[in-house]
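Observations on the model geometry
In case you want the letters, here they are:
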Amino acid sequence: MFKKALIAATVLLAAPALADTPESLMQGYAEQARTTSTSYAGPSVATGQRLFHQQPRDWSCATCHTDQPTASGRHAVTGKVIAPLAPAANAERFRDAAKVEKWFKRNCNDTLGRPCTPAEKADVIAFLLAATTGT
Amino acid sequence: MRMFSGIRRIDLIVWSLAALFLAHAAMAAVPPTPSATATVYAEECGACHTAYPARLLPPADWAAVLATLDRHFGVDASLDATTRAAVASQLGVGTSVASTSTTKTVPRITQQGWFREEHDEISAQLFRSPAVRSGANCGACHAGADRGQFDEHSVRIPR
C-alpha cells in the first residue's frame, strides 16, 4: 500500500511540472526538425544568435528586444517596455507553448517576412537559454 | 483477504484524488469565461501598447481593427479565433467579427476628431520625441492610461 501511495503522491507532486519549460519547448521544436531532416544536428546557440540579429527587412529581434536578451526592450513603434526574453532574467518566458507559438508566428513575420522553421525556433530558444545575467 | 480488499479501497481513494487533481489542472486550459475577458484584452493588446479603453473607438471601427490583426499598423498581431472573440466581446463588438474588413484603411484612435481636438496644442515634434515616440504611447504623458484614466489634470508632458 505504501508503495502505491508513494507513486500516487509522486504523480500529485509532479503534476505542476507538466507545464512547459524553455528546455522542453526547445526539445519539442528540435524533435519536429528531426522529423524533416535526418541530418539535423540539434539546437545551436550560434545559429540562434545569428537569427536574433538577422535583419532582411525593417526589424530584427534585437530592434525591440535589444542586443542583450537579459535586458528590457522597447517596442519599436509604440515605445512600450518589453520584459527581458532570456529565462535567466525573466522566469515567465517560455512557459506556455501556445503563447510561444503565437509570438513566433507574429515576430517571424515581422522580422523575416516568413514563418520560422522548427529548427530556427529551437536555435533561438537555445541562444536565449545561453544568455545569462552575468554576461 | 479482508486486509487485501482494504488496501484496494485505499488505493482507489488515492488514485481517485490524483485523477481529480489532474482533471482540475486540465480544466485550466479551457477557453476563458466572460469574467476573464477583461484580462484577456489587457494581456493580449496591452502587451504591445496601452490597453486603449473601448470607448476610444466606435464598435464598427474596433471590428475593422480585429478583422485585420494580421497586418496591424505594420505588424502581425494575429490572435487565434477564441482569443479574438474574447477581445471582441470586451470591446463591445460582439462575438461575430467579420473575417474580412470592408474598410480600406484601419481606423486610428489618433485620427478621431476628438483626439485631434484634445491634442491640438501638442506639436507633431513632441509626439515624435524619444520620450513619446508615437501618439499610440498614451502612457508617456497620461500616467493612468493603462487604467483608462486620461484626466487632463494628471497629464505630465515629458521634456
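In this numbering scheme, every chain counts its residues from 1 along its sequence in written order. Note on labels: chains are lettered from A, ligands numbered from 1, in written order. Side-chain atom pairs in this predicted model are given and counted only at pLDDT of 80 or more, local residue features only at pLDDT of at least 70, and totals for whole chains, interfaces and linings cover all residues. Here the side-chain values reflect all heavy atoms present in the structure, with hydrogen atoms and water set aside.

Side note on the confidence of the model for chain B
All names here are of chain B. So the rule is basically this: Known as pLDDT, the predictor's confidence for each residue is given on a scale from 0 to 100. Numbering goes from the N terminus for both helices and strands, where a helix is a DSSP run of H or I of at least four residues and a strand is a run of E of at least two. The contact rule is simple, with two residues in contact once any of their heavy atoms fall within 4.5 Å.
Residue-level pLDDT values for chain B average 81, and 70% of them are 70 or greater. No element of chain B has a lower mean pLDDT than helix 1 (residues 2-27), at 60, and none a higher one than helix 5 (residues 113-118), at 95. Counting interchain partners and residues more than four positions distant, the pLDDT-below-50 stretch residues 28-35 has four contacts. Across the assembled chains, the prediction reports ipTM 0.79 with pTM 0.76.

What about a negative patch on the surface?
Selection criterion: The residues that make up patches have over 30% relative accessible area and no salt bridge, and they are joined within 9 Å when like-charged or within 5 Å when they are Val, Leu, Ile, Met, Phe, Trp or Tyr. Here the Shrake-Rupley method, with its probe set to 1.4 Å, supplies the accessible areas, and only the displayed protein chains count as covering residues. A pairing counts as a salt bridge when a side-chain nitrogen of Lys or Arg comes within 4 Å of a carboxyl oxygen of Asp or Glu. Charge convention: Lys and Arg are scored as positive, Asp and Glu as negative, and His as well as the terminal groups of each chain are ignored. Throughout, a charge is located at the NZ atom of Lys, the CZ atom of Arg, the CG atom of Asp or the CD atom of Glu.
On the surface, a cluster of negative charge is contributed by E117(B), E118(B), D120(B), E121(B), D151(B) and E152(B). Here E121(B) shows up in the loop between helix 5 and helix 6 (124-128).

Overview of the state of the cysteines
Where we set the bar: The term disulfide is used for any two cysteine sulfur atoms that are within 2.5 Å. Buried, partly exposed and exposed residues are distinguished by accessible area as a fraction of the type maximum, computed with a 1.4 Å probe on protein chains only: under 20%, between the cut-offs, and over 50%, respectively.
Throughout the structure, instances matching the rule amount to one disulfide over all chains. Shown here is the disulfide that connects C108(A) with C116(A), its sulfur atoms set 2.0 Å apart. In this structure the cystine formed by C108(A) and C116(A) twists about its S-S bond by roughly -100 degrees; its chirality is therefore left-handed. Relative accessible area serves as the criterion here: at 5%, C108(A) is assigned to the buried category. Take C116(A): its relative accessible area is 15%, and that puts it in the buried class. The closest cysteine sulfur to the non-disulfide-bonded C61(A) is located on C108(A), 7.1 Å from its own sulfur. Residue C61(A) is classed as partly exposed on the basis of its relative accessible area of 22%. Here C64(A) stays unpaired: no disulfide links it, and the sulfur of C48(B), its closest cysteine neighbor, is 8.3 Å away.

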